[in-house]
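# Structural overview for review
Spelled out, the chains give:
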Amino acid sequence: MTELPKQYEHKDAQQRWAKFWDEKGYFQSDPQRGKNAGKKPFTIVIPPPNVTGALHLGHALNDTLQDVLIRYHRMRGFETLWAPGVDHAGIATQAVVERRMFEEEGKTRHDVGRENLVARIWAWKEQYQTRIVNQLKEMGCSCDWRRTRFTLDAVCAKAVRHFFFGLFRDQLIYRGKRLVNWDVHLQTAVSDDEVYHEEVAGNFWYINYPVIDPKPNEPAFVTVATTRPETMLGDTAVAVHPSPKNVFDRFETELNDEIRAASEKEKLELATRLEALQTRRKEMLGSLETFAAMARDGRMVMLPLMNRPIPLICDVWAKPELGTGCVKITPAHDPNDYEVGGRQNLPMINLLNRDGTLNENAGVYAGQKNMKARTMIVADLEKAGLLVKTEDRLIDLAHSDRSKTPIEPFLNDQWFVKMDTLAQSAMDAVTREQIKITPPRYAKSYLDWLGEKRDWPIGRQLWWGHQIPIWYGQNISELELQKAFAGRNDVLWQWDEENNQWWICSQSEDLAGDAVPGHKLVREEDVLDTWFSSALWPHSTLGWPDSTEELAYYYPTSVLITSRDIITLWVARMALAGLFNCGKVPFPQVYIHPKILDKYGEGMSKSKGNGVDPVKVIDKFGADALRFALTYLTTENQDVRLSLDFECPYCQTIVEQTKKNRIQPRVQCPKCKKEFATQWAEKEEDKALASAPVVGERFEVARNFCNKLWNAARFVMMNLSGSVALSQSRNDDLAKNNVKLLLEDKWILSRLATVTQQVAAGIESYHFSEVARTLYDFAWDEFCSFYVEMVKYRLSDPALRPAAERVLTHVLDTLIRLLHPIVPFVTEEIWSRLNEIVPQRGLTSPVNAAESITIAPYPQADTAAIDRNIEDQFGRFQEVLRAVREVRSRQNVPPKTEMRFVVKCDARLAELLKPMTPYFRSMAGAIADDWGENVKIPALSSNVTISGAEIFVDLAGLIDVTAELAKKSKDIQKLEGFIKTKEAKLANEAFVGKAPKDVLNKERDSLTDLQKQLSAAREAFQLLEQQAKSK
RNA sequence: GGGCGAUUAGCUCAGUUGGUUAGAGCGUCUGGUUUACACCCAGAAGGUCACAGGUUCGAACCCUGUAUCGCCCACCA
């Protein structure tokens, strides 16, 4: 065996084992093999990361948890498949590539054309897919890399086509109008996510719309207010609330209620608001009522400048408490007006060209840019005497994140999926518990969102994505279609009444322009929403729609692990798509994990640039440390906050990560003034600099734990090698050898069994933090701090050695298998080295160890070993040990000075502790002189009182009585406090009468015990005082 | 505006159906070259469990309200 370094060297180990695992193909799953072996499958499909950029720690958490489950189940004997892949992320990826192209070459996508742009995005995708896969591999993710899928590859494309075709066949696809966020600069629609709001200085214009043929008692004008006067050209109505009085009444009642309930401080403000409301009511209610009546009467107003009569309508969208109480309705350019238009059957007049200029519907203003038109319109209104007034006002304006230009709401033709039945099926799956969401509170957002059953707009005005498989054909008779597609069931068509054309949907192949002889078919240019293909991920990756072996064996997958922000966009869609395509839910379990936040409490994201590359952490601390830290931090309901900083690669100074420097490709160290590279380094000159690791306390702790584990193993292996006893103890049955287990052996085996149970239960219920904590505490506090320490003494005693060796090896062997799913590399490293020394393992009937821990069996708890009594007994030993150590520390006794002590206790405890005498010597440097009721108390001693025992440490000549008295009186005070509380409790009749028997008895016992401790402590105190005096 | 979550030691967080004296890591302090580990060992100090009520024999935990913070969704002529 090669020499074991004092510190675990992660870099070398990771490289070696990653290669080994890959060559052995342990992570390759085979449905045939699984079936033949009668194994159940355990399957996870990775939430495919976007190819927009590299992974950050948020992904690292997601992937770590998946790998924990995967490795756990693999060891448990499941045929395990973790299917990896990446997502094309339509809008985001195209945006990244377009932006870069513009920055570097000053070109827009219109300059290079569709084909060229798509080629550039593919190149980008290749680059980042490679990087992402490498990141996953560095983390130790045990994916079946042969099955890596991309949402835009041929396999996924086929599934997308079939899904679309199925929806089309079932009449669930339709075409409608929808307002999109239009970026007039880039001439593209952008998603809501890519829109930010910014307050800009603007105006609020009040405009009079003349009433057509007003009756004598009626006003001549309706006044509306707007921040975007140019949209008036597209107005198709003016709305007023149907019953303004009710609205005012309701507001007044509410305000009065609030005032009654409010604090004095708030009352004033609320009263002011009430007054304003009442004033407004007085001034406006009359005219609003009149307008409402006129609206019901079907009256019209004249749209200024356009001279187009438009109706006055009643609609609840008009808020009596806002503006003039009347509102102009521009359905084609305002989301709310669009809805009003829908329910009131108003025409929708689109005013915009795609480049942001006004179109022919804008009359004389056609061809003008928006802002120019605004100025002209305001001037013309003023000229016509219809502009009542202009106010200055801050306007919250939507801007495109990408071009930083204001967004225009733009009415676009759009493909939709009818959600009614689909959404219902996905809701049922959760309410009927075919899908269980953990933690359960997230089921609510899932159900709420689906419950709205809003139709799903699936088209995107992009070039990067699955092009919608629809072709338009005009002037074609149905007979011609039937003839052209005779005998084919993969082509369907539908008549588009509105535009006098056919929609032809093709499932398997792209239709040629002349597929219908004598006619020209034109393909829909838009691509599908990214989520349309992501929705199929659990079954498309398994080969659907083909009836593959994989689909039959692995579907439904076992669990989906993801973050809460895509429960609706992704999880819900997968549920309904899985049900629609396969008739089964895609997964029976969904686990929602916390989010990773940065030091400012903000979620890590690519757009913010605050995402930290896991590789930067791995370089410094190792993959195991990264994984352990993340697992340790994954609790039920708290997001994971990570405070991270750079470490200067030259002088190791910690350089604080700030919002500013964390997105820079290079940063200067404030101490040594040298510049270092960060994860954002891309240019050659930046990459040439030394790269700074990212450091953080949580990772350090985890790294230390890995090292602790390494050293525990190192100790075991150093002692086992060359041992004479080994050959006898390792291969034979423990019982046959008549090897006797001591108290500490039974204790550690009992604890090991309990921990094994807890870990399995924790993993199966997704209590990751608990699992990590349980193992951390067991390994460090129990195995290392106690068992290993105690074994040291036994290893030098040939009689005691065999059992010690046997148990030591067994616990280590079990411990690393328990830990392997979380920290795969260090455990494999230990496993392989242990294999060299102890090829056969097991406490009672040794068997050959697997060649790799990845395929070793996961430990089963030896429940027979669990013994509460033994654990309690051992606990007493620990208490006494702690007491002795405390005295040494308090009395400043040098570590090498031997101490002597006696323990005053009952015979039972004495008998229990006596055999532990050697351990007090080896672990506390103290000799136990006597145990029992009648021990001889040393003349000068330091005393510690614990439950059921008093420890007297002989300190003749050494004792610092003052310190001792101070400590003792503090103890007494504390005990008195506890006793007082407890006495009060037990004097309380209600408690005595109502509390359960066992609680009551426990309280009584505890009081008795405390009282004993107190009197012992008082006695000791007096003794000390005497000693002090006599001295 | 609607929904969800959080508030526990200087910092970051545990605390599993309500039941003795509320825990850990880091940091701080004291003492250590204990032949596995200084990425370590032994010990100590440090908390009115955000606040106010309530339920209960008993509350960090359950209920109501307040304050502060965060997230999601909707909306802002």
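Position labels on residues start from 1 in each chain and follow its written sequence. Whichever chain is written first is A, and whichever ligand is written first is 1; the rest continue in order. For a predicted model such as this one, the threshold for reporting local features is a pLDDT of at least 70, and the threshold for listing and counting side-chain atom pairs is 80 or more; totals across whole chains, interfaces and linings nevertheless cover every residue. Side-chain figures throughout are based on the complete set of non-hydrogen atoms in the structure, without hydrogens or water.

### Concerning the overall build of chain A
For helices the rule is a DSSP run of H or I covering at least 4 residues; for strands it is a run of E covering at least 2, with both sets numbered from the N terminus onward. Counting its regular elements, chain A contains 33 helices and 37 strands. Over its C-alpha atoms, taken along the principal directions, chain A stretches across nearly 115 × 75 × 65 Å. In what follows, residue pairs with any heavy atoms lying within 4.5 Å of each other are defined as contacts. The long-range share in chain A, meaning contacts at least 24 apart out of those at least 6 apart in sequence, stands at 76%. Every accessible area reported is derived by Shrake-Rupley at a probe size of 1.4 Å, with residue values counting cover from the shown protein chains alone. As presented, chain A carries roughly 46300 Å² of accessible surface, and 50% of it is formed by carbon and sulfur atoms. Computed over 133 positive and 141 negative side-chain charges, the separation of the two mean positions in chain A equals 4 Å. As used throughout, the charge tally considers Lys and Arg to be positive and Asp and Glu to be negative, leaving His and the chain termini uncounted. In this description, the location of a charge corresponds to atom NZ of lysine, CZ of arginine, CG of aspartate or CD of glutamate.

### What about the side chain of Thr-854?
Here Thr-854 shows up in the loop between β33 (847–848) and α28 (868–890). N or O atoms closer than or at 3.5 Å make up a polar contact, with two conditions inside protein: a donor-capable atom paired with an acceptor-capable one, and, for residues adjacent in sequence, both atoms drawn from side chains. Of note is the side chain of Thr-854, whose polar atom sits 2.7 Å from the side chain of Ser-852. When sequence neighbours within four positions are dropped, the list of residues in contact with Thr-854 reads Trp-21, Tyr-26, Phe-27, Arg-71, Arg-74, Met-75, His-820 and Glu-828.

### So, the sheet that holds strand β23 (residues 560–563)
What makes two strands pair is DSSP finding at least two bridges between them. Read across the open sheet, the 3 strands follow the order β15-β24-β23; overall the sheet is parallel. Single-partner strands in this sheet number two, and they are β15 (436–438) and β23. With strand direction ignored, the average angle separating the axes of adjacent strands in the sheet is 25°. Across 4 bridges, the pairing between β23 and strand β24 (residues 589–593) is parallel. Opposite Ile-561, over in β24, you have Tyr-591 as the bridge partner. Every angle, taken between N-to-C directions, lies between 0 and 180 degrees, and every axis is a line fitted to C-alpha atoms, over only the stretch in contact when it is a helix. Along the sheet face, helix α3 (residues 57–75) touches β23 and β24 and points at about 160° away from the line of β23.

### Here we look at the protein's contact with RNA strand B
Put simply, a residue is near a molecule or strand once any heavy atom of it comes within 4 Å of that molecule or strand. What surrounds RNA strand B is a group of 60 residues, the closest being Gln-7, Val-327, Asn-336, Arg-714 and Lys-994. Taking the atoms of RNA strand B that fall within 4 Å of the protein, sugar and phosphate contribute 64% of them. Within the contact set of RNA strand B, a sugar or linking oxygen lies 2.6 Å away from a side-chain nitrogen or oxygen of Arg-698. Between a base oxygen of RNA strand B and a side-chain N or O atom of Ser-1006, the distance comes to 2.7 Å. Here the surface near RNA strand B takes 12 residues from helix α22 (residues 697–720), the largest share from any one element. Any residue that is not Ala, Val, Leu, Ile, Met, Phe, Trp, Tyr, Cys, Pro, Asp, Glu, Lys or Arg is counted as polar, Gly included; the first ten are nonpolar and the last four charged. Here the residues of the surface near RNA strand B sort into 20 nonpolar, 15 polar and 25 charged.

### Some thoughts on the confidence of the model for chain A
The score called pLDDT rates the predictor's confidence residue by residue, from a low of 0 to a high of 100. Per-residue pLDDT for chain A averages 86, and the proportion of residues at 70 or more is 95%. pLDDT under 50 marks residues 724–730. Its contacts with residues more than four places away, or in other chains, come to 15 contacts.

### A look at the packing of aromatic side chains
Here a Phe, Tyr or Trp ring, Trp counted by its six-membered ring, pairs with any other such ring whose centre lies within 6.5 Å, and the pair is stacked when the planes are under 30 degrees apart, edge-to-face when over 60, and tilted otherwise. Enumeration over the complete set of coordinates arrives at 45 aromatic pairs. For the pair Phe-163 and Phe-532, a centre-to-centre distance of 4.8 Å together with 35° between the ring planes defines the contact as tilted. With Phe-163 in helix α7 (residues 154–169) and Phe-532 in helix α15 (residues 530–534), this residue pair connects regions lying 369 residues apart in the sequence. Burial status follows relative accessibility: with a 1.4 Å probe on protein chains alone, a residue under 20% of its type maximum counts as buried, one over 50% as exposed, and anything between as partly exposed. Taking the relative accessible area as the measure of exposure, Phe-163 reaches 1% and is therefore buried. Overall, Phe-532 belongs to the buried group, its relative accessible area being 0%. Here the aromatic residues Trp-747, Phe-786, Tyr-793, Phe-874, Phe-877, Phe-901, Tyr-919, Phe-920 and Trp-931 are joined through ring pairs into a cluster of three or more. Lysine and arginine charges are scored as sitting over a ring when NZ or CZ, respectively, is within 6 Å of the ring centre and within 35 degrees of the ring normal. A cation over a ring is seen here: Arg-573 above Trp-456, with NZ or CZ 4.1 Å from the ring centre. For the cation-ring pair, Arg-841 lies above Trp-831, with the distance from its terminal atom to the ring centre recorded as 4.1 Å.

### Some thoughts on the packing of helix α1 (residues 10–24) against helix α19 (residues 614–621)
Where α1 meets α19, the closest approach of the two axes is 8 Å, and the angle between their N-to-C directions is 115°. Where α1 approaches α19, its residues His-10, Lys-11 and Gln-14 are matched on the opposing element by Ile-618, Asp-619, Lys-620 and Phe-621.

### Some thoughts on the sheet that holds strand β10 (residues 300–303)
Taken together, the 4 strands give an open sheet; going across it, the order is β10-β11-β9-β12, and neighbouring strands pair in mixed fashion. Each edge of the open sheet is held by one strand with a lone partner, namely β10 and β12 (326–329). On average, each strand axis in the sheet is inclined to that of its neighbour by 30°, with strand direction left out of account. Pairing of strand β9 (residues 237–240) with β12 involves 4 bridges; the strand directions are antiparallel. Bridge assignment links Ala-237 to a residue of β12, and that residue is Ile-329.

### Overview of the nonpolar core
Counting 220 residues, the largest nonpolar core has Leu-57, Tyr-446, Phe-783, Phe-877 and Phe-901 as the members making the most contacts within it. Top contributing element to this core by residue count: helix α25 (residues 768–795), with 15 residues. If near-sequence neighbours (up to four positions away) are discounted, Tyr-446 is found in contact with Ala-426, Met-427, Val-430, Ile-435, Ile-437, Ile-567, Val-571, Ala-572 and Ala-575. Trp-205, Leu-255, Val-301 and Leu-303 belong to the second largest nonpolar core, which has 43 residues in total. Remark: nonpolar core denotes a set of buried residues (Ala, Val, Leu, Ile, Met, Phe, Trp, Tyr, Cys) joined through side-chain atoms within 4.5 Å.

### Some details on the pairing of strand β36 (residues 941–946)
The element β36 is extensively covered by neighbouring structure, given that 6 of its 6 residues are classed as buried. Burial of the side chains of β36 extends over both faces: Ser-941, Asn-943 and Thr-945 are buried on one face and Ser-942, Val-944 and Ile-946 on the other. Relative to strand β37 (residues 949–954), β36 runs antiparallel, the two being bridged by 6 bridges. Along β37, the bridge assignment pairs Val-944 with Ile-951. Following β36, the chain reverses through 2 residues before pairing antiparallel with β37; Gly-948 in that reversal takes a positive phi of roughly 80°.

### Section: the pattern of salt bridges
Salt bridge, as used here, is a side-chain nitrogen of Lys or Arg placed within 4 Å of a carboxyl oxygen of Asp or Glu. Taken as a whole and assessed by the stated rule, the structure comprises 65 salt bridges. A salt bridge links Arg-175 to Asp-413, with the shortest nitrogen-to-oxygen separation between them at 3.7 Å. With Arg-175 in strand β5 (residues 173–183) and Asp-413 in strand β14 (residues 407–417), this residue pair connects regions lying 238 residues apart in the sequence. On the basis of relative accessibility, which here comes to 31%, the residue Asp-413 falls in the partly exposed class. Across the salt bridge formed by Lys-620 and Glu-647, the nearest N and O atoms sit 2.9 Å from each other. One end of the pair, Lys-620, is in helix α19; the other, Glu-647, is in strand β27 (residues 645–647), and 27 residues separate them in sequence. According to the relative accessible area criterion, Glu-647 is buried, its value standing at 11%.

### As for α19
Counting buried positions along α19 gives 6 out of 8 residues, so the element sits mostly inside the fold. Burial in α19 covers these residues: Pro-614, Val-615, Lys-616, Val-617, Ile-618 and Phe-621. Contacts made by the buried residues of α19 are with α1, α3, α6 (114–138), α20 (623–633), β31 (694–695) and α22. The opening residue of α19 is Asp-613, an N-cap whose side-chain oxygen sits 2.9 Å from the backbone nitrogen of Val-615. Looking one or two residues beyond α19, the residue adopting positive phi is Gly-622, at roughly 100°.

### Quick word on the environment of Cys-143
Checked against the element boundaries, Cys-143 lands in the loop between α6 and β4 (149–150). Taking the relative accessible area as the measure of exposure, Cys-143 reaches 1% and is therefore buried. Separated by 60 residues in sequence, Cys-143 and Ala-83 place their C-alpha atoms 5.9 Å apart. Not counting chain neighbours up to four residues away, the residues in contact with Cys-143 comprise Phe-27, Trp-82 and Pro-84.

### As for helix α12 (residues 420–431)
Take the number of residues in a helix, subtract one, and multiply by 1.5 Å to get its expected span. When the terminal C-alpha atoms of α12 are compared, their 16 Å separation across 12 residues agrees well with the 16 Å that a helix rising 1.5 Å per residue should span. Within the span of α12, buried status applies to Leu-422, Ala-423, Ala-426, Met-427, Asp-428, Ala-429 and Val-430. Tucked into the core, α12 has its buried residues touching α7, β14, β15, α13 (442–451) and α18 (567–582). Remark: Glu-433 follows α12 within two positions and exhibits a positive phi of approximately 60°.

### Brief notes about the environment of Val-823
If you trace the backbone, Val-823 turns up in the loop between α26 (801–819) and α27 (824–837). Put simply, Val-823 and Ser-534 are 289 residues apart on the chain and 30 Å apart in space, counted from C-alpha to C-alpha. Those residues within four positions of Val-823 in sequence are excluded, and the remaining contacts are Asp-624, Phe-628 and Cys-706.

### So, the side chain of Arg-627
One can find Arg-627 in helix α20. A relative accessible area of 0% means that Arg-627 is categorised as buried.

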